[in-house]
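Structural characterization, general
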Amino acid sequence: MDMKKRVSQELRNRNPAEVVELVVDNCQSADGEVEGLTDEYTELEILSMVNIGLSSLSKLPSLPKLRKLEVSDNIISGGLDTLAEKCPNLTYLNLSGNKIKEMSSVEVLQNLKNLKSLDLYSCEVSSLDDYRENVFELLPHLTYLDGYDEEDNEVPDSEGDNGEYRARHCDLLRTLNVTLQTVSLYLVADDEAGPHDDDDDDDDEEDEVDDEDSEGEEEEEVGLSYLMKDGIQDEEDDGDYVEEDDEEEEDEEDGDADVRGEKRKREAEDEADDDDDE
């Protein structure tokens, strides 16, 4: 989302003169300049424009009541002299993570007579020799530099000018650090597990198919055995029936032979009687 739309969205149907705090972090400035803000924001006290691609503050409107300006993680390299004119009551300024390289860029902040806290960490200027000593010397009215006073005492949380925004910035860094650690652990675990082998999945599928085929064959064999058993039993039963029929036929033949024998015996007796009568 571009900066103009984001500013309009954050208004939430309010009049610009009613806005006391405005946060438009992580949107996008089209040309590296401040967009969507006008002199109508007369009551604005807190303005946060973190990571929106700002390269200059030259188009910042007049904000007479602004006390806190958060413009960290941009690409600002200079042009800070405009702040004294447009934000004369500024007490807290966070320029950390910008492209400020020279001490001369910091020197122009001398005209911000109410500036008490300044953050320049992660700027190239903070790596210069005697950086802290030089900044405190150039800005004698400054109390805290990068969260610490001249005696290296950390700013108290009760200091509204620095504590609120510094705490939010630190929370963001901690969240990012935890996320990176989680991703790193996942990648390490994934590497230790080795590459995923699709052949294993194919083997598993083939094993499942083989198991199903084996089960089917076993069922067929059982069914076939059962049928064969029934067939054998039927044949045995048929054999029994055949044997019984043969026995019956033999009995019938034996009976017929007995009848014929008795008939012949009676005929022989009758013939003997006839001979006697003669």
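Residues numbered from 1 in each chain as written. Predicted model: local features only at pLDDT ≥ 70, side-chain atom pairs only at ≥ 80, totals over all residues. Heavy atoms only, no water.

1. Details of the overall build of the chain
Scanning the chain for helices and strands turns up six helices and six strands. Counting across all 278 residues of the chain, residues that qualify as buried make up 31%. Look at the contacts in the chain between residues 6 or more apart in sequence, and 53% of them connect residues 24 or more apart. A total accessible area of about 18,100 Å² is found for the chain, and carbon and sulfur atoms account for 44% of it. (Helix = DSSP H or I, 4+ residues; strand = E, 2+ residues; numbered from the N terminus. Buried < 20%, exposed > 50% of the residue type's maximum accessible area, 1.4 Å probe, protein only. Contact = heavy atoms within 4.5 Å. Areas by Shrake-Rupley, 256 points an atom, 1.4 Å probe, with all protein chains shown as cover.)

2. Examining the environment of E154
By secondary structure assignment, the location of E154 is in the loop between β6 (144–145) and α5 (160–193). Put simply, E154 and Y144 are ten residues apart on the chain and 8.2 Å apart in space, counted from C-alpha to C-alpha. Apart from residues no more than four positions distant in its own chain, E154 is found in contact with G147 and Y148.

3. What about the confidence of the model for the chain?
A residue-level look at the chain finds 58% of positions with pLDDT of 70 or above and a mean pLDDT of 78. Long-range and interchain partners of residues 160–165, a stretch whose pLDDT sits below 50, account for 21 contacts in this model, where long-range means more than four residues apart. (pLDDT = per-residue confidence, 0-100.)

4. Comments concerning the sheet that holds strand β4 (residues 92–94)
Read across the open sheet, the six strands follow the order β1-β2-β3-β4-β5-β6; overall the sheet is parallel. One side of each edge strand has no neighbouring strand; the edge strands of this open sheet are β1 (21–23) and β6. Two elements, strand β5 (residues 117–119) and β6, share two bridges in a ladder whose sense is parallel. Its bridge partner being in β6, L118 is matched across the sheet by L145. (Pairing = 2+ DSSP bridges.)

5. What to know about helix α4 (residues 131–138)
The complete set of buried residues in α4 reads Y131, V135, F136 and L138. Along the axis of α4, the buried residues cluster in a sector spanning 165 degrees; they form a single face. Residues of α4 that are exposed and point more than 90 degrees away from the buried face comprise E133 and E137. Structurally, α4 contributes buried residues whose contacts are with α3 (103–107), β5 and β6. (Arc of directions from axis to C-beta.)

6. Describing the environment of S29
Among the secondary structure elements, S29 is positioned in the loop between β1 and β2 (46–48). On the basis of relative accessibility, which here comes to 4%, the residue S29 falls in the buried class. Counting along the chain gives 28 residues from S29 to M1, while the straight-line C-alpha distance between them is 9.0 Å. A distance of 3.2 Å separates a polar side-chain atom of S29 from the backbone nitrogen of G32. (Polar contact = N/O pair within 3.5 Å; in protein donor to acceptor, adjacent residues only side chain to side chain.)

7. Digging into a negative patch on the surface
There is a patch of like negative charges on the surface, built from D129, D130, E133, E150 and E151. Within the secondary structure, E133 is located in helix α4. (Patch = residues over 30% accessible without salt bridge, like charges linked within 9 Å, V, L, I, M, F, W, Y side chains within 5 Å. Salt bridge = Lys/Arg side-chain N within 4 Å of Asp/Glu carboxyl O. Lys, Arg positive; Asp, Glu negative; His and termini not counted. Charge placed at Lys NZ, Arg CZ, Asp CG, Glu CD.)

8. Digging into the side chain of K86
Considering the arrangement of structural elements, one finds K86 in helix α2 (residues 82–86). For the buried residue K86, which engages in no salt bridge, the nearest side chain bearing the opposite charge is E85, 6.3 Å off. A distance of 2.8 Å separates a polar side-chain atom of K86 from the backbone oxygen of L60. Excluding anything up to four places from it in sequence, K86 contacts L57, S58, K59, L60, P61, S62, L63 and P64.

9. Concerning the nonpolar core
Core analysis: the largest hydrophobic core is formed by 45 residues, its most contacted members being L47, M49, L83, L93, V106 and L118. Looking at this core, the elements that each hand over two or more residues are α1 (3–11), α3 and α4. No other element matches the four residues that α4 contributes to this core. (Core = buried A, V, L, I, M, F, W, Y, C linked by side-chain atoms within 4.5 Å.)

10. Quick look at α1
When we look at burial in α1, the residues that qualify are M3, R6, V7, E10 and L11. For α1, the buried positions fall inside an angular range of 145 degrees around the axis, keeping them on one side. Those residues of α1 that are exposed and angled more than 90 degrees off the buried face are K4 and K5. Residues of α1 that are buried make contact with β1.

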